[in-house]
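What follows is each chain in one-letter form.
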Amino acid sequence: MNDDTPAPPPQEQNTRRGITRRRLLSLSLLAGSAALGLPRPASARPEFSGWPKSYGMLVDLTLCVGCRSCEQACNEANHLPKPAKPFDDDGVFNEKRWPSAKAYTVVNRYPNPTNKEHPLFRKIQCNHCLEPACATACPIKAYTKTEQGAVIYNEDLCFGCRYCVIACPFNIPGYDYESPLEAKIVKCTFCNTRIAKNELPACAAACPSGALTFGKRTDLIKMAHKRIMENPKKYIDHVYGEREVGGTSWMYLSGVPFEQYGLPGNLPKKPLIELTEGYLSSVPVIFTTFPAIFGMLYAALHKKEKKNEHSSREVNHEQER
Amino acid sequence: MNRNADIAGRTPSGEPGFRERFLAKLFMGMSPADYSRSLVTPFNLLAAAILATSLPVFYARYTQGLATVIHANHEYPWGLLLSWGIFAGEPLFAAGFVVAAAYYLFGMKQYRVLVRLAVLGGMLGYAFAASYLLIDLGRPWRIYYPMLINFGPSSVLFVVAWHVGLYVTVQLLEFSPSILEWIGSRRLHRWATSITVALIIGGVILSTVHQSALGAMYLITPGKLHPLWYTSHLPLLFFSSAIYAAMSFALLLAFAAVRYFREQCDDEFLSQVGPLTLSLGKGAALAMYVYFVLKVLALAQDNNWALLTTPFGYWYLVELLGFVGIPMLLFTVGVRAESIGLIRVSAFAALIGIVLNRVNVNLIAYNWNQPDHWSQIIPPWSENIMILAMVTLHILVFRWIMNRFPVTRELPEYRGLH
Ligand code: SF4
Ligand code: SF4
Ligand code: SF4
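This report concerns the structure included in the present document. (Residues numbered from 1 in each chain as written. Chains lettered and ligands numbered in written order. Predicted model: local features only at pLDDT ≥ 70, side-chain atom pairs only at ≥ 80, totals over all residues. Heavy atoms only, no water.)

Once that is clear, we can look at the site of ligand 1. Around ligand 1, a shell composed of 14 residues is seen, among which A:Cys126, A:Asn127, A:Cys129, A:Cys134 and A:Cys168 lie nearest. Tallied by class, the residues present in the shell around ligand 1 amount to 11 nonpolar, two polar and one charged. (Near = heavy atom within 4 Å. Nonpolar A, V, L, I, M, F, W, Y, C, P; charged D, E, K, R; others polar.)

Structure (structure tokens):
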């Protein structure tokens, strides 16, 4: 098929038209792709670095002794079902556990690379991100970030798609996979009802070793850096959660790399919502440009044909009558 | 299977009532007894066996919860069921929009005979995708919540929900001329064909958005999706691969029609299948080249070359070279040699590649850095049988429609009306 063959024989006319059509086709597909691949406009959303007076929790992992008092306190305060193994059973440490439909928080044990005698422990619960991925992801907006800092989930709105679980960078939301038709998300509430009554979160109140410090997030950040400064040998110079995914209300101090505790070390510093905003803003572009592009295309391609078809249709009509 | 192909077009002697005519159409012109006897075939027996085995599994899903039947768990909330049913299925079902756009918008006249088949393939596919979702959702009866109860416009899944919902409606309208011809309503038929172009443009928009949105859903998982698969170009990659998936699926649908429903195809359809397969093959080859280049560009942009020598890198290369590269070359050879058979083989290989890519993103490369990753993502037999049962149902419904509705043939009284 050669485009510059002079005066193609009549049978080939069709193929030639085919070529131009295909070109148009690829052109418009390119237009579509361009809309999807557009350089993203810099986020139009104003910077948001958390509600000014929101609360947070500083978890000093070097102080955690793995006593599971927090687990027990959380279980009791939130009226959760009694676990199969009692809270003083160290056997649970032999497996890796996640928060689940039955527990808002669990403590896990990790090997200590520097001192085999003293394993590491971490309490896992929702980190109450400042710009939560779970809330970004939920198509029904079943999550809200409150001014006090808690990320709250509303069961009445949820249809159980679990996209929030996919999105959460820390694998936090638990889901009731065993419930046939009433499955819901279960996660730490940051004891928001207790906080409202000026009480400490149950886990923080129960912690005997001082590993959990509750307070204003801004104060906690200062405190964390102060501890690092005063004891640079003990801590690595990083407050985990100060910046990760745009900042979290729960933050961590540690003496070994945070990955050792199973905390992801590959998270971007910006809020995850910024990764999808660009795409979402291209959707209206598609909606406004496509009808114009394709409408014009249609008109251009069918103008000629109308003329051609006109005569044949008239014949048809005549026959019908 | 003895079928009476032209029953719908036959004018019976005497004037049967609506009920008789309807039953005749339903049983394809056979008596109910003959019809039930015609159903006993090896394929049907196999289908019945699969469906029967799956029944207790479906029952368990709705009485004992998801955990008893699929492997979904805390770290892998979505199992193979969703991966296959939605992420791998939807690119194939873009067939409807690609073929309809080729015919109606780009004026590629030769595609006319294929439009209905492709739209049927697409429409049915989406209906099944929705069914997979109904199995998986925790509270399936709330499926309309994102549309009516509360809105999460920051969510890509919100975009998917809306676009799929609207697109299914559009496809139903696009296919409605077939249904209306079957029922025999001329006035509605004329109305339905007159809004076709607007519907097609709407369909193109909705498809573009939601195919890309399926990829965009994973933009929020930079820490969890393996860097070889995570790229800011996920939407574009999902969209461009849907194009060749759609073309491959369309040409395989045409193959299925001439192979298994030959009596239902009119001469025009039969004579066009060859040239159409060639044309779709060309398109698919082209789209695959584009996709391949985009994949490599994404790799280069994130400078992930070093990762290629890790185990995940090898797996990535299997997907990219084995299931994009090879089908792409096969397509090229097939198109050059005008070998319809080879083009069909390439299309099949390309579709396997699509499924592999989506399963990789959803499951294999997702949460890849969890210590017990591999042992956790293996689906149990019950999940596989559910998938098998859904595929069987899909085929049965497709067959039911193909045997009755004028999909690959034109009824004489409607000729020239669309
Ligand atoms: S840790 Fe996960 S569940 Fe908790 S607020 Fe952040 S994204 Fe949401
Ligand atoms: S599972 Fe519920 S809360 Fe989570 S994203 Fe889906 S609808 Fe929202
Ligand atoms: S803040 Fe409250 S809900 Fe969250 S882990 Fe602590 S006790 Fe449990």
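Next comes the rest of the account.
For the rest of this paragraph, the subject is the packing of helix α11 (residues 234-260) of chain B against helix α14 (residues 340-364) of chain B. All names here are of chain B. The N-to-C vectors of α11 and α14 enclose an angle of 135°; their axes lie 9 Å apart at closest approach. On the basis of the axis angle, α11 is oblique to α14. The way α11 lies across α14 gives a crossing that is left-handed. Taking contact as the criterion, the partners of Phe238, Ser241, Ala242, Tyr244, Ala245, Ser248, Phe249, Leu251, Leu252, Phe255 and Val258 in α11 are, on α14, Ile343, Arg344, Ala347, Phe348, Ala350, Leu351, Ile354, Asn357, Arg358 and Val361. In terms of residue class, the contact of α11 with α14 is built from 16 nonpolar, three polar and two charged. (Axes fitted to C-alpha atoms, helices over the stretch in contact; angles between N-to-C directions. Helix = DSSP H or I, 4+ residues; strand = E, 2+ residues; numbered from the N terminus. Parallel < 35°, antiparallel > 145°, perpendicular 65-115°, else oblique. Left-handed = near helix turned anticlockwise from the far one by under 90°. Contact = heavy atoms within 4.5 Å.)

With that settled, the discussion passes to the interface of chain B and chain A. Listed by partner, the interface residues are 73 residues for chain B and 71 residues for chain A. Taken together, both faces of the contact between chain B and chain A bury some 6,200 Å²; the carbon and sulfur share is 65%. Here chain B is connected to chain A by four salt bridges. Measuring nitrogen to oxygen at the nearest pair gives 2.8 Å for the salt bridge that ties B:Arg139 to A:Glu155. At the surface where chain B touches chain A, the tally comes to 38 residue pairs in polar contact (both at pLDDT 80 or more). Breaking the side of chain B that touches chain A down by element, the ones donating at least two residues are α3 (42-64), α5 (95-105), α7 (145-148), α8 (156-183), α10 (196-216), α11 and α12 (267-301) of chain B. (Buried area = accessible area lost by both parts, 1.4 Å probe. Salt bridge = Lys/Arg side-chain N within 4 Å of Asp/Glu carboxyl O. Polar contact = N/O pair within 3.5 Å; in protein donor to acceptor, adjacent residues only side chain to side chain.)

Let's shift gears to the nonpolar core. If you look at the biggest cluster of nonpolar residues, it comprises 208 residues, and the most contacted ones within it are A:Tyr163, B:Met217, B:Tyr218 and B:Phe269. At 17 residues, the largest contribution of residues to this core is made by α11(B). Residues contacting B:Phe269, with those up to four places away along its chain left out, are B:Val113, B:Leu114, B:Leu117, B:Ala254, B:Ala257, B:Val258 and B:Thr408. Grouped together as the second largest cluster of nonpolar side chains are nine residues, A:Leu58, A:Ile228, A:Val239 and A:Met251 included. (Core = buried A, V, L, I, M, F, W, Y, C linked by side-chain atoms within 4.5 Å. Buried < 20%, exposed > 50% of the residue type's maximum accessible area, 1.4 Å probe, protein only.)

The residue A:Asn171 is not glycine, and still its phi comes out positive at about 55°. Inspection of the secondary structure assignment puts A:Asn171 in the loop between α4 (163-167) and β6 (174-175). What makes A:Asn171 buried here is its relative accessible area of 3%. Residues other than glycine seldom take positive phi values, yet B:Asn367 does so here, at roughly 50°. The topology assignment puts B:Asn367 in the loop between α14 and α15 (373-376). The buried category is assigned to B:Asn367, whose relative accessible area is 1%.

Quick look at the packing of α12(B) against α14(B) now. Residues and elements named next belong to chain B. Packing of α12 against α14 brings their axes to within 10 Å, and their N-to-C directions diverge by 40°. The pairing of α12 with α14 is recorded here as oblique in orientation. Once α12 is placed against α14, the crossing between them reads as left-handed. Across from Val273, Gly274, Thr277, Leu278, Gly281, Met288, Tyr291 and Lys295 in α12, the residues of α14 making contact are Ile340, Ile343, Arg344, Ala350 and Asn357. Its residues placed into classes, the contact of α12 with α14 shows seven nonpolar, four polar and two charged.

Read these as geometric descriptors, not functional statements.
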